[in-house]
Amino acid sequence: MEVPNVQEIIEKQVLTVAKAVEDKIDDEISALDRLDLDDIEALRERRLQQMKKMAEKRGRWIALGHGDYSEIHAEKDFFSVVKASDRVVCHFYRENWPCKGASDAKLGDYNKIAGVNSILHVMDKHLSILAKQHIETRFVKINAEKSPFLAEKLKIVVLPTLALIKNAKVDDYVVGFDELGGKDDFSTEILEERLAKAQVIFLDGESSLKPSNSTAKTRSVRQSTKYNSDSE
């Protein structure tokens, strides 16, 4: 029995795929050749409408604070922020963060850490960059120590923690630096890829991303009646 030539089989498959692609391109060229002036004007108008809608959307995002990395100073303001934007990255931090050697510290551990200085957290640098690059998402931070209700409700234990919020619900978390290489010298690109994986931001050139494989429980961040009465 003659053994099939693997190389010939591969070459035939490649030629088949190439022919299919070529035929598709020819069909698209033919379709463009058949367009009359009315068709071209309709396509132009459609494109203009798409650009107009995008401009309006960007304007709404900027009005909501997108494009800037800002701080939420009151717990009650957190709820209005996450309700106003479809996608929010919220950085839970604590002041007097140690510069080296104390990442992934728990909320109650800070008094045990000697030589702690008040510094700009490394996460702030990366989030400031990403906020400008990804205007489709709101980037904010909040002091976890001054937000006990949120910290308890969202089970924020380890700092830093990024709560990745979609449609007013926490969909995923980035906890500490473990997912970012285990050190505080990770690159902005690594964090960007992690946020894109969770679909809380969108990378240029990608119309859709695979759903996140995160096993984190979705927690509602809608404001409770009890919190309303305690915060007034």
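Bear in mind that the values here come from a model prediction, so they are computed numbers and not experimental data.

1. So, the pattern of salt bridges
Then comes step 1: For the coordinates displayed, the defined rule picks out six salt bridges.
Then comes step 2: One salt bridge connects Arg-194 with Asp-172, and the closest N-O pair in it is separated by 2.9 Å. Here Arg-194 is found in helix H6 (residues 188–197), whereas its partner Asp-172 is found in strand S7 (residues 169–175), with 22 residues between them in sequence.
Then comes step 3: A relative accessible area of 10% means that Arg-194 is categorised as buried.
Then comes step 4: Judged by relative accessible area, Asp-172 falls into the buried class, the value being 2%.
Then comes step 5: Between Arg-194 and Glu-179 there is a salt bridge, with its nearest N and O atoms 2.6 Å apart.

2. A look at helix H4 (residues 122–133)
Then comes step 1: Given a rise of 1.5 Å per residue, 12 residues ought to cover 16 Å, and the 18 Å separating the end C-alpha atoms of H4 matches this to within 8%.
Then comes step 2: When H4 is considered as a whole, its buried residues turn out to be Met-123, Asp-124, His-126, Leu-127, Leu-130 and Ala-131. Each buried residue of H4 sits inside an arc of 165° when the element is viewed along its axis, so together they form one side.
Then comes step 3: Along its buried surface, H4 packs onto strand S1 (69–72), strand S2 (87–93), strand S4 (138–143), strand S6 (161–166) and H6.

3. A few points about the nonpolar core
Then comes step 1: With 20 residues, the main nonpolar core has Phe-78, Cys-90, Phe-92, Leu-154, Ile-156, Ala-163 and Ile-165 as its most contacted residues.
Then comes step 2: Among the elements that take part in this core, helix H3 (residues 75–84) stands out by supplying four residues, more than any other.
Then comes step 3: Setting aside residues up to four positions removed in sequence, Phe-92 forms contacts with Phe-78, Ile-142, Ala-144, Leu-150, Leu-154, Ile-156, Leu-159, Pro-160, Thr-161 and Ala-163.
Then comes step 4: Of all hydrophobic cores here, the second largest spans 19 residues; its members include Leu-127, Ala-131, Phe-139 and Leu-162.

4. Looking at H3
Then comes step 1: Three or more residues of H3 are buried, namely Glu-75, Phe-78, Phe-79, Val-81 and Val-82. Viewed end-on, H3 has its buried residues packed into an arc of 165°, placing them on one side of the element.

5. Regarding the side chain of His-66
Then comes step 1: Looking at the element boundaries, His-66 is found in the loop between helix H2 (37–63) and S1.
Then comes step 2: Looking at His-66, the relative accessible area reads 5%, which means it is buried.
Then comes step 3: Within polar-contact distance, the side chain of His-66 engages the backbone oxygen of Ile-135 at 2.8 Å.
Then comes step 4: Those residues in contact with His-66 that lie beyond four places of it in its chain are Trp-61, Ser-85, Arg-87, Ile-135, Glu-136, Thr-137 and Arg-138.

6. As for the environment of Phe-92
Then comes step 1: With respect to the secondary-structure elements, Phe-92 resides in strand S2.
Then comes step 2: For Phe-92, a relative accessible area of 0% puts it in the buried group.
Then comes step 3: Along the primary structure Phe-92 and Ala-144 are separated by 52 residues, whereas in three dimensions their C-alpha atoms are 5.3 Å apart.

7. Focus on the confidence of the model for the protein chain
Then comes step 1: Residues with a pLDDT of 70 or more make up 74% of the protein chain, whose mean pLDDT is 79.
Then comes step 2: Contacts of residues 98–103 to residues separated by more than four positions or lying in other chains number 12 contacts, the stretch itself having pLDDT below 50.
Then comes step 3: In this model residues 224–232 is a low-confidence stretch, pLDDT under 50, and it forms six contacts with partners more than four residues away in sequence or in other chains.

8. So, the packing of aromatic side chains
Then comes step 1: The tally for this structure, following the rule as stated, stands at four aromatic pairs.
Then comes step 2: Between Phe-79 and Phe-149, the ring centres sit 6.3 Å apart and the planes meet at 55°, which makes this aromatic pair tilted. Note that Phe-79 is positioned in helix H3 and Phe-149 in helix H5 (residues 148–153), a separation of 70 residues in sequence.
Then comes step 3: Residue class for Phe-79 comes out buried when judged on its relative accessible area of 1%.

Reading guide: rules and limits
- Just so you know, the residues in each chain are numbered from 1, in the order the chain's sequence is written.
- Whole-chain, interface and lining totals are the exception, using all residues; otherwise, since this is a predicted model, local features are given only for residues with pLDDT of at least 70 and side-chain atom pairs are given and counted only at 80 or more.
- Processing note: side-chain calculations cover all non-hydrogen atoms of the structure and skip hydrogens and water entirely.
- One speaks of a salt bridge when a side-chain nitrogen belonging to Lys or Arg is within 4 Å of a carboxyl oxygen belonging to Asp or Glu.
- A run of H or I in DSSP becomes a helix once it reaches four residues, and a run of E becomes a strand once it reaches two; helices and strands are each numbered from the N terminus.
- The buried label applies to any residue whose accessible area, calculated with a 1.4 Å probe on protein chains only, is under 20% of its type's maximum; exposed applies above 50%, and partly exposed to all values in between.
- Residue count minus one, scaled by 1.5 Å, sets the expected span of a helix.
- Note that the arc is computed from the directions linking the helix axis to the C-beta atoms.
- Any two residues whose heavy atoms approach within 4.5 Å at even a single point are treated as in contact.
- Among the buried residues, those of types Ala, Val, Leu, Ile, Met, Phe, Trp, Tyr and Cys that are joined through side-chain atoms within 4.5 Å form a nonpolar core.
- Polar contact is the term for a pair of N or O atoms within 3.5 Å; when the atoms are in protein, one must be able to donate a hydrogen and the other to accept it, and sequence-neighboring residues count only if both atoms are side-chain atoms.
- One confidence number per residue, pLDDT, is output by the predictor and ranges from 0 to 100.
- Pairing of aromatic rings covers Phe, Tyr and Trp, the last counted by its six-membered ring, and requires centre-to-centre distances within 6.5 Å; plane angles under 30 degrees mean stacked, over 60 mean edge-to-face, and any other angle means tilted.

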